[in-house]
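Breakdown of the fold
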Amino acid sequence: MAGPVALAGAIRVPGDKSISHRALLFAGLAEGESTVRGLSRGDDVRRTRQALAEFGVRFTDEDGYLRVLGGLREEPSTVLDLGNSGTAMRLIAGVCAGQDMHTVLTGDRFLRARPMDRVAVPLRSMGATVDGRQGGRLAPLSIRGGNLSGIHYASPVASAQVKSAVMLAGLSAAGSTTVVEPVATRRHTEEMLALFGVDVEVDGTAVTVRRSTLTPAEVDVQGDPSQAAFWAVGALIAPDSRVRVDNLYSGHGRTGFVDVLRRMGGRLDFDRTTGTLEITSGPLTAVSIGAEDVPGIVDEIPVLAVAAAAAEGTTVISGAEELRVKESDRIKSTVAMLCAFGVHAEETPDGMVIEGTANRRGGEVHSHGDHRIAMAAAVSGLAATGPTVIHGWDAVATSYPGFADHVAELSGGAARLREVTS
Ligand code: S3P
């Protein structure tokens, strides 16, 4: 791929990944028929569907929507392989803790290297038997569930996945289950459990559920703001660009990237009612990003770092140590990606320092198996001079299989991602 190119046009990004996982899981838990529209077609969400099928949940693909016949009727007779998906592993662990079944969850080598003790610890204290390898990176994870008691859990990490795992176990536990977060994270589980008829109490950063059954529902999955962030940054930094993204989810904890890019001077119009985001290219200035910002932009930092690399001044990101345990060590992989474009960037223990420059040349980047690093590199490449080569591009299939088509569409065919075999 060779830049720079201008981006223009209107697109719809894939259905939100976090919402898609939950739509399948909750429809799977609800006895009876639910429908889901606009589901993400990425591999991560496909893994959740496959795992649920092992519990006896039945799926029928209709024209434009998915019909789900819920009810966990069977104990899986095989190991559930969740691929690259941390959300699938942690949320399904919460579901399994509530079932009188034995389940084993695994994933690819990247997922098996991610911390699972953060869900194992609270699920054990509710009464589930959770076992795995030594040292916190437990997967393959073995869970024998059932007979749980509710807990009051003050989570040491601001993680919607941890919160959701404990809440899902709480649906099968005696008494009430409360999770208190250090900083409020995305609220998809709270919002969607309510849609499936569950009473969820939210009080500041505390959320409480009780033993409940879910009633089937119809879910319409809106566009994924994390995927829109790639086009927002692309359109801001590629000269003469103007892009519109339609039908985005605009709820709590997901659109922090719009605020950060505006703080940088970016021209973004966001209609939260319709979910329409319009972006026009223009100059950016450096910004300071701190711990309080991070939960709202946790998946967008690689591409926000690309914006910072094109901004005037030095951007400092801190309080982002969670990035070290994402699909890759995203502090390391983001800094390496920026350096490949000739940008001066440095790691800090909990973030990075980025010196913006107008002289970015195409580079050779490694995704480290991380879809967001690959796509952030592609966006950077669109606005850099000369060709960019991205190794490990296949990681993009986990969340955005149509990304390359959208590059071609928005650049009017001027930029193409070409697969090369090395
Ligand atoms: C997610 C929560 C976030 C995010 C992930 C999806 C979710 O992870 O990074 O991509 O769907 O709940 P953490 O909760 O671990 O921060």
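As the structure is a prediction and not an experimental result, all values here were calculated from the model.

Thresholds applied
- Numbers given for residues are sequential positions, taken from 1 along each chain in its written order.
- Where totals are concerned, whole chains, interfaces and linings use all residues; where local detail is concerned, this predicted model gives features only for residues with pLDDT of at least 70, and gives and counts side-chain atom pairs only at 80 or more.
- Values shown for side chains rest on all heavy atoms present in the structure; no hydrogens or waters enter the calculation.
- UniProt positions are given in the numbering used here, feature names are shortened, and annotations may be inferred rather than shown by experiment.
- Elements are defined by DSSP. Helices are runs of H or I of four residues or more, strands are runs of E of two residues or more, and each kind is numbered from the N terminus.
- Here the term buried applies to any residue with accessible area under 20% of the maximum for its type, exposed to any over 50%, and partly exposed to those in between, with areas from a 1.4 Å probe on protein chains only.
- Residues count as neighbours in contact if any of their non-hydrogen atoms are within 4.5 Å of one another.
- The term polar contact refers here to a pair of N or O atoms within 3.5 Å; inside protein, the definition further demands a hydrogen-donor-capable atom paired with an acceptor-capable atom, and it admits residues adjacent in sequence only when both atoms are side-chain atoms.
- Segmentation of the chain into domains, including their bounds, is taken from an automatic or database domain assignment.
- Summed over both partners, buried area is the accessible surface (1.4 Å probe) that two parts give up on being assembled.
- Salt bridge, as used here, is a side-chain nitrogen of Lys or Arg placed within 4 Å of a carboxyl oxygen of Asp or Glu.
- Each residue gets one of three labels, nonpolar for Ala, Val, Leu, Ile, Met, Phe, Trp, Tyr, Cys and Pro, charged for Asp, Glu, Lys and Arg, and polar for the others, Gly among them.
- Geometry of aromatic contacts follows a simple scheme: Phe, Tyr and Trp rings, the Trp one being its six-membered ring, pair when their centres are within 6.5 Å, and the pair is stacked under 30 degrees between planes, edge-to-face over 60, tilted otherwise.
- To obtain an axis, a line is fitted to C-alpha atoms, over the contacting stretch when the element is a helix, and the angle between two such axes runs from 0 to 180 degrees between their N-to-C directions.
- Note on angle classes: values under 35 degrees are labelled roughly parallel, values over 145 roughly antiparallel, values of 65 to 115 roughly perpendicular, and the remainder oblique.
- Crossings are sorted by hand: turned counterclockwise from the far helix by less than a right angle, the near helix makes the crossing left-handed, and turned clockwise it makes it right-handed.
- Pairs of strands are assigned from DSSP output, requiring at least two bridges between the strands.
- Here the expected span of a helix is defined as 1.5 Å times the quantity of residues minus one.

1. A look at the UniProt feature "binding site: phosphoenolpyruvate" (unreviewed entry) in the protein chain
- The UniProt entry lists Lys17, Gly86, Arg114, Gln161, Arg330 and Arg372 under the feature "binding site: phosphoenolpyruvate" (unreviewed entry), expressed in the numbering used here.
- Mapping Lys17 onto the fold places it in helix H1 (residues 17-29).
- A residue is classified by how much of its surface remains accessible, and Lys17, at 8% relative accessible area, is buried.
- Aside from chain neighbours lying at most four places away, what touches Lys17 is Ser40, Asp44, Val45, Asp224, His371, Arg372, Thr398 and Ser399.
- One can find Arg330 in helix H12 (residues 330-340).
- On the basis of relative accessibility, which here comes to 0%, the residue Arg330 falls in the buried class.
- Look past the residues within four positions of Arg330 in its chain and what remains in contact with it is Val298, Asp299, Pro302, Leu323, Arg324, Met352, Asp370, His371, Arg372 and Ile373.
- Here the side chain of Arg330 touches Glu327 through a polar contact of 2.9 Å, side chain to side chain.

2. Focus: the domain arrangement of the protein chain
- Per the domain assignment, the segments making up the protein chain are domain 1 (2-14 + 222-420) and domain 2 (17-208).
- The centre of domain 1, based on its C-alpha atoms, is set 29 Å off from the matching centre of domain 2.
- Taken together, the 20 residues of domain 1 in the interface contact 23 residues of domain 2.
- Surface buried jointly by domain 1 and domain 2 totals about 1900 Å² across both partners, of which 50% is contributed by carbon and sulfur atoms.
- The interface formed by domain 1 and domain 2 contains 3 salt bridges.
- Connecting domain 1 to domain 2 are 10 residue pairs in polar contact (both at pLDDT 80 or more).
- Partitioned by chemical class, the residues of the side of domain 1 that touches domain 2 number 6 nonpolar, 7 polar and 7 charged.

3. A short note on the side chain of Ser241
- With respect to the helices, strands and loops of the structure, Ser241 is situated in the loop between helix H8 (225-237) and strand S15 (242-245).
- Separated by 2.8 Å, the side chain of Ser241 and the backbone nitrogen of Leu7 make a polar contact.

4. Focus: the environment of Gly175
- Of note, Gly175 is situated in the loop between helix H6 (160-170) and strand S11 (176-180).
- Here Gly175 is in contact with Val209, Arg210 and Arg211, once residues within four sequence places are set aside.

5. A few points about the packing of aromatic side chains
- In total, this model carries 6 aromatic pairs according to the counting rule given.
- Arranged with centres 6.4 Å apart and planes meeting at 90°, the rings of Trp231 and Tyr400 form a pair that is edge-to-face. Of this pair, Trp231 sits in helix H8 while Tyr400 sits in the loop between strand S24 (389-391) and helix H14 (403-410); the two residues are 169 residues apart in sequence, bridging distant segments of the chain.
- Among the residues examined, Trp231 registers a relative accessible area of 0% and is labelled buried.
- Judged by relative accessible area, which is 1%, Tyr400 ranks as buried.
- Their ring planes at 20° and their centres at 4.9 Å tell us that Trp231 and Phe403 sit as a pair that is stacked. Of this pair, Trp231 sits in helix H8 while Phe403 sits in helix H14, and the two are 172 residues apart along the sequence.
- Taken together through their ring pairs, the aromatic side chains of Phe230, Trp231, Trp393, Tyr400 and Phe403 make up a single cluster.

6. Here's the deal with the packing of helix H3 (residues 86-97) against H6
- Relative orientation of the contacting elements H3 and H6 amounts to 20°, with a least axis distance of 7 Å. Taken together, the axes of H3 and H6 lie roughly parallel to each other. Remark: the crossing between H3 and H6 carries right-handed chirality. Between H3 and H6, the residues in contact are Gly86, Thr87, Arg90, Leu91, Gly94, Val95 and Ala97 and Gln161, Ser164, Ala165, Leu168 and Ala169, respectively.

7. Quick notes on the sheet that holds S11
- If you walk across this open sheet you meet the 4 strands as S10-S11-S13-S12, and the pairing is mixed. Edge strands, defined here as strands with exactly one partner in the open sheet, are strand S10 (152-154) and strand S12 (201-203). Each adjacent strand pair in this sheet contributes to an overall mean axis angle of 15°, direction not counted.
- Bridge count for S12 against strand S13 (residues 206-210) is 3 bridges, and the pairing is antiparallel. Each residue of the ladder has a partner; that of Val202, found in S13, is Val207.

8. Thoughts on the pattern of salt bridges
- Counted according to the given criterion, the structure contains 25 salt bridges.
- A salt bridge links Glu347 to Arg324, with the nearest nitrogen and oxygen atoms 3.2 Å apart. Of this pair, Glu347 sits in strand S20 (residues 344-348) while Arg324 is found in the loop between strand S19 (314-317) and H12, placing the two residues 23 residues apart along the sequence.
- Under the relative-accessibility criterion, Arg324 is labelled partly exposed at 25%.
- Of the residues examined, Glu347 reaches a relative accessible area of 33% and is grouped as partly exposed.
- Beyond isolated ion pairs, a larger network of salt bridges with shared partners links Arg114, Arg186, Asp299, Glu327, Arg330, Asp370 and Arg372.

9. What about the side chain of Ser399?
- Within the fold, Ser399 resides in the loop between S24 and H14.
- The exposure class of Ser399 is buried, given its relative accessible area of 2%.
- When neighbours within four sequence positions are excluded, Ser399 is seen to be in contact with Pro14, Lys17, Ser40, Gly42, Gln227, His371 and Met375.

10. Describing helix H2 (residues 43-54)
- Here H2 spans 17 Å end to end across 12 residues, near enough to the 16 Å set by a 1.5 Å rise per residue.
- Regarding H2, the residues found buried are Asp43, Asp44, Val45, Arg47, Thr48, Ala51 and Leu52.
- Against the buried residues of H2 lie H1, strand S4 (58-62), strand S6 (80-81) and H3.
- Directly beyond the C-terminal end of H2, a positive phi value near 95° is found at Gly56.

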